[in-house]
Amino acid sequence: MAVVLLAEAVLIAALNWFLGVVVDRQDMSLAGLDPDVMSMSSKIGGVVFGLYFALCALVAALVAVRDRAPAGLGRVLLISAAVVHGLLGAFAWGLVGWTAFLFMVVVLALIVLLLMTYDHAGGPEDAAPGGTPGEGAGPAARAEPGGAPAGAGAPLSRTDEPQDGDDGPQDTVPARFTAPVPTTP
């Protein structure tokens with residue numbers, strides 16, 4: 001995925017730079033616009049979009065190396081890249097043809113696949129429930145801060161509701177949930 005986005009970054013920057021050179025050498029005005037301004041804006045746009053896609057490629061490479069879902073700005077960048085590829089695909093169908101549309105849809109599918117393959121239901125925390133903390137234990141085996149250790153004789157609450165003496169706000173989402181079951185056979 002990162003290789004595709006990096007190749008696209010280079011091609012977009014090179015294509016816009018080439019179009020800027022063509023406009024500069026034509027020395028023609030379009031609807032009264034200055035040809036130097038059109039040439040410079042095409043070159044600047046190519047560099048900006050090239051850097052944008054290169055940054056998206058860097059985020060995709062970091063996701064692959066870290067083997068974790070993108071978060072924060074990286075997730076926003078990949079979602080915006082997916083939207084851009086959807087819009088470019090729609091324009092490419094009408095202006096360039098079905099091959100450019102197919103390329104944009106394939107890149108869109110790769111970005112969506114990258115975003116969707118790392119879900120929050122699985123992972124190392126859910127791998128081995130039970131046991132002692134630090135030895136492959138799941139989240140149920142971790143002791144609560146300030147609470148009695150598991151097995152100390154005092155029953156622990158099974159809810160995440162605030163107890164007497166809790167000063168901080170509590171999460172409203174339960175710590176564990178079950179995945180929905182498909183309803184269609």
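Another point: the overall build of the protein. Scanning the protein from N- to C-terminus turns up 4 helices and 0 strands. Every one of the 185 residues in the protein was classed for burial, and the buried ones make up 20%. Considering only intrachain contacts with a sequence separation of at least 6, the fraction spanning at least 24 residues in the protein is 52%. Summed over its atoms, the accessible surface of the protein is roughly 13400 Å², and 67% of this surface lies on carbon and sulfur atoms.

What follows covers a nonpolar patch on the surface. Nonpolar side chains collect at one region of the surface, where Ile 79, Val 83, Leu 87, Phe 91, Leu 95 and Val 96 lie side by side and expose about 650 Å² of accessible area between them. Of note, Leu 87 is situated in helix 3 (residues 73–95).

What follows deals with the environment of Met 116. Note on placement: Met 116 falls in helix 4 (residues 98–116). On the basis of relative accessibility, which here comes to 59%, the residue Met 116 falls in the exposed class.

The positions UniProt marks with the feature "transmembrane region" (unreviewed entry) are residues 44–64, 76–94 and 100–118. Measuring from the first to the last C-alpha atom of residues 100–118 gives 28 Å, for a span that is 89% helix and 0% strand.

Positioned with a positive phi, Asp 67 is a non-glycine residue whose angle comes to about 60°. Inspection of the secondary structure puts Asp 67 in the loop between helix 2 (35–66) and helix 3. Using a relative accessible area of 53% as the deciding quantity, one classes Asp 67 as exposed.

So, on to the nonpolar core. If you look at the biggest cluster of nonpolar residues, it comprises 17 residues, and the most contacted ones within it are Leu 5, Tyr 52, Cys 56, Leu 78 and Ile 111. Every element with two or more residues in this core is listed here: helix 1 (2–26), helix 2, helix 3 and helix 4. Per-element tally for this core: the top contributor is helix 2, with 7 residues. Both domains that meet at this core, namely domain 1 (1–24 + 37–68) and domain 2 (71–119), each give it at least three residues.

When its volume is computed, the second largest pocket comes out at roughly 340 Å³. Surrounding the second largest pocket, Glu 8, Leu 11, Ile 12, Leu 15, Leu 88, Phe 91, Ala 92, Leu 95, Val 96, Ala 100, Phe 103 and Met 104 form its lining. Put simply, the parts of the chain that give the lining of the second largest pocket at least two residues each are helix 1, helix 3 and helix 4. Its residues placed into classes, the lining of the second largest pocket shows 11 nonpolar, no polar and 1 charged. When residues of the lining of the second largest pocket are sorted by domain, at least three fall in each of domain 1 (1–24 + 37–68) and domain 2 (71–119).

The subject of this paragraph is the side chain of Lys 43. Mapped onto the secondary structure, Lys 43 falls in helix 2. We note that Lys 43 is buried and unpaired, the nearest opposite charge coming from Asp 24 at a distance of 4.9 Å. Beyond its immediate sequence surroundings of up to four residues, Lys 43 is in contact with Asn 16, Trp 17, Gly 20 and Val 21.

Reading the values: rules and limits
- Residues numbered from 1 in each chain as written.
- Predicted model: local features only at pLDDT ≥ 70, side-chain atom pairs only at ≥ 80, totals over all residues.
- Heavy atoms only, no water.
- Helix = DSSP H or I, 4+ residues; strand = E, 2+ residues; numbered from the N terminus.
- Buried < 20%, exposed > 50% of the residue type's maximum accessible area, 1.4 Å probe, protein only.
- Contact = heavy atoms within 4.5 Å.
- Areas by Shrake-Rupley, 256 points an atom, 1.4 Å probe, with all protein chains shown as cover.
- Patch = residues over 30% accessible without salt bridge, like charges linked within 9 Å, V, L, I, M, F, W, Y side chains within 5 Å.
- Salt bridge = Lys/Arg side-chain N within 4 Å of Asp/Glu carboxyl O.
- UniProt positions renumbered as here; feature names shortened; annotations may be inferred.
- Core = buried A, V, L, I, M, F, W, Y, C linked by side-chain atoms within 4.5 Å.
- Domains from an automatic or database assignment.
- 1 Å grid on protein atoms, 1.4 Å probe; cavity = no way out; pocket = protein on both sides within 12 Å on 5 of 7 lines; lining within 4 Å.
- Points joined across faces, edges and corners; volume = space filled by probe spheres on them.
- Nonpolar A, V, L, I, M, F, W, Y, C, P; charged D, E, K, R; others polar.
- Lys, Arg positive; Asp, Glu negative; His and termini not counted.

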